[in-house]
Amino acid sequence: MVRISKPKTFQAYLDDCHRRYSCAHCRAHLANHDDLISKSFQGSQGRAYLFNSVVNVGCGPAEERVLLTGLHAVADIHCESCKTTLGWKYEQAFESSQKYKEGKYIIELNHMIKDNGWD
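Note that the structure is predicted; figures quoted are calculated from it, not measured.

Asker: It is not clear to me how the packing of aromatic side chains should be interpreted in this structure. Could you clarify?
Answerer: The relative placement of two aromatic rings is captured by the distance of their centres and the angle of their planes. By the definition in use, this model includes 4 aromatic pairs. Ring geometry for Tyr 21 against Tyr 49: centres 5.9 Å apart, planes inclined by 85°, an arrangement best described as edge-to-face. Here Tyr 49 lies in strand β4 (residues 46–51) and Tyr 21 lies in strand β1 (residues 20–23), a separation of 28 residues in the sequence. Among the aromatic residues, ring-to-ring pairing joins Tyr 21, Tyr 49 and Phe 51 into one connected group.

Asker: Got a minute to help me understand the nonpolar core in this structure?
Answerer: Across soluble globular proteins, nonpolar side chains have a tendency to be buried as a group. Core analysis: the largest hydrophobic core is formed by 16 residues, its most contacted members being Cys 23, Phe 51, Leu 86, Ile 107 and Met 112. Listing elements by their share of this core, those giving two or more residues are β1, β2 (29–32), β4, β6 (70–79) and β8 (105–108). Setting aside chain neighbours within four positions, we find Phe 51 in contact with Tyr 21, Ala 31, Asn 32, Asp 35, Leu 36, Ile 37, Lys 104, Tyr 105, Ile 107 and Met 112. Among the nonpolar cores identified, the runner-up in size contains 7 residues, and Phe 41, Leu 50, Val 74 and Trp 88 belong to it.

Asker: What's the story with the environment of Leu 71 in this structure? I'm lost.
Answerer: Examined against the element boundaries, Leu 71 turns out to sit in strand β6. According to the relative accessible area criterion, Leu 71 is partly exposed, its value standing at 33%. Note: C-alpha distance between Leu 71 and Glu 95 (24 residues apart in sequence) is 7.6 Å. When neighbours within four sequence positions are excluded, Leu 71 is seen to be in contact with Glu 64, Arg 65, Val 66, Ala 93, Phe 94 and Glu 95.

Asker: What should I look at first to understand the sheet that holds strand β3 (residues 36–43) in this one?
Answerer: Sheet strands associate in pairs through backbone hydrogen bonding, adopting either a parallel or an antiparallel arrangement. The 6 strands are arranged β3-β4-β8-β7-β6-β5 in an open sheet whose pairing can be described as antiparallel. Across the chains shown, the open sheet's two edge strands, defined by having one partner strand only, are β3 and β5 (57–67). On average, each strand axis in the sheet is tilted by 30° relative to the strand beside it, whichever way the strands run.

Asker: Hey, could you run me through the pattern of salt bridges in this one?
Answerer: Working definition: two side chains of opposite charge can pair if their charged atoms are close together. All chains considered together, the criterion is met by 5 salt bridges. Arg 20 serves as the salt-bridge partner of Asp 115, at 3.3 Å between the closest nitrogen and oxygen. Here Asp 115, found in strand β9 (residues 112–115), pairs with Arg 20, found in strand β1; they are 95 residues apart in sequence, far enough to count as distant. When its relative accessible area of 7% is taken as the criterion, Arg 20 is described as buried. Residues Asp 76 and Arg 65 are paired through a salt bridge, measuring 2.7 Å at the closest nitrogen-oxygen approach. Separated by 11 residues along the polypeptide, Asp 76 in strand β6 and Arg 65 in strand β5 bring together distant segments of the chain. Among the charged side chains, a salt-bridge network with shared partners connects Glu 63, Arg 65 and Asp 76.

About the criteria used
Residues numbered from 1 in each chain as written. Predicted model: local features only at pLDDT ≥ 70, side-chain atom pairs only at ≥ 80, totals over all residues. Heavy atoms only, no water. Phe/Tyr/Trp six-rings, centres within 6.5 Å; stacked < 30°, edge-to-face > 60°. Helix = DSSP H or I, 4+ residues; strand = E, 2+ residues; numbered from the N terminus. Core = buried A, V, L, I, M, F, W, Y, C linked by side-chain atoms within 4.5 Å. Buried < 20%, exposed > 50% of the residue type's maximum accessible area, 1.4 Å probe, protein only. Contact = heavy atoms within 4.5 Å. Pairing = 2+ DSSP bridges. Axes fitted to C-alpha atoms, helices over the stretch in contact; angles between N-to-C directions. Salt bridge = Lys/Arg side-chain N within 4 Å of Asp/Glu carboxyl O.

This is how it looks when you write it as structure tokens:
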């Protein structure tokens, strides 16, 4: 029996003329390089980047966690295509110096690859 698999389709495709980041597990587009805010973050499994916006990502329920920079309400995020947990979304920061993170996304480096136009 021969199985014919359909090509993967993603909810959103990012513009081919921009450098972008994709899921390391299924290659779904995740973010444009233009949406990168900082490379100086620490995820639960290593280094992570902070993004202003992402695509093809689902969000779990928010919960309060004590992170390196204090108490935050965060929601785990996962790739909508392969369901791999990628990082989290900052829903609320309880310290005024951390408010800039609200609504932003952390994606851990071991779950994404650089894609398109990095030469």
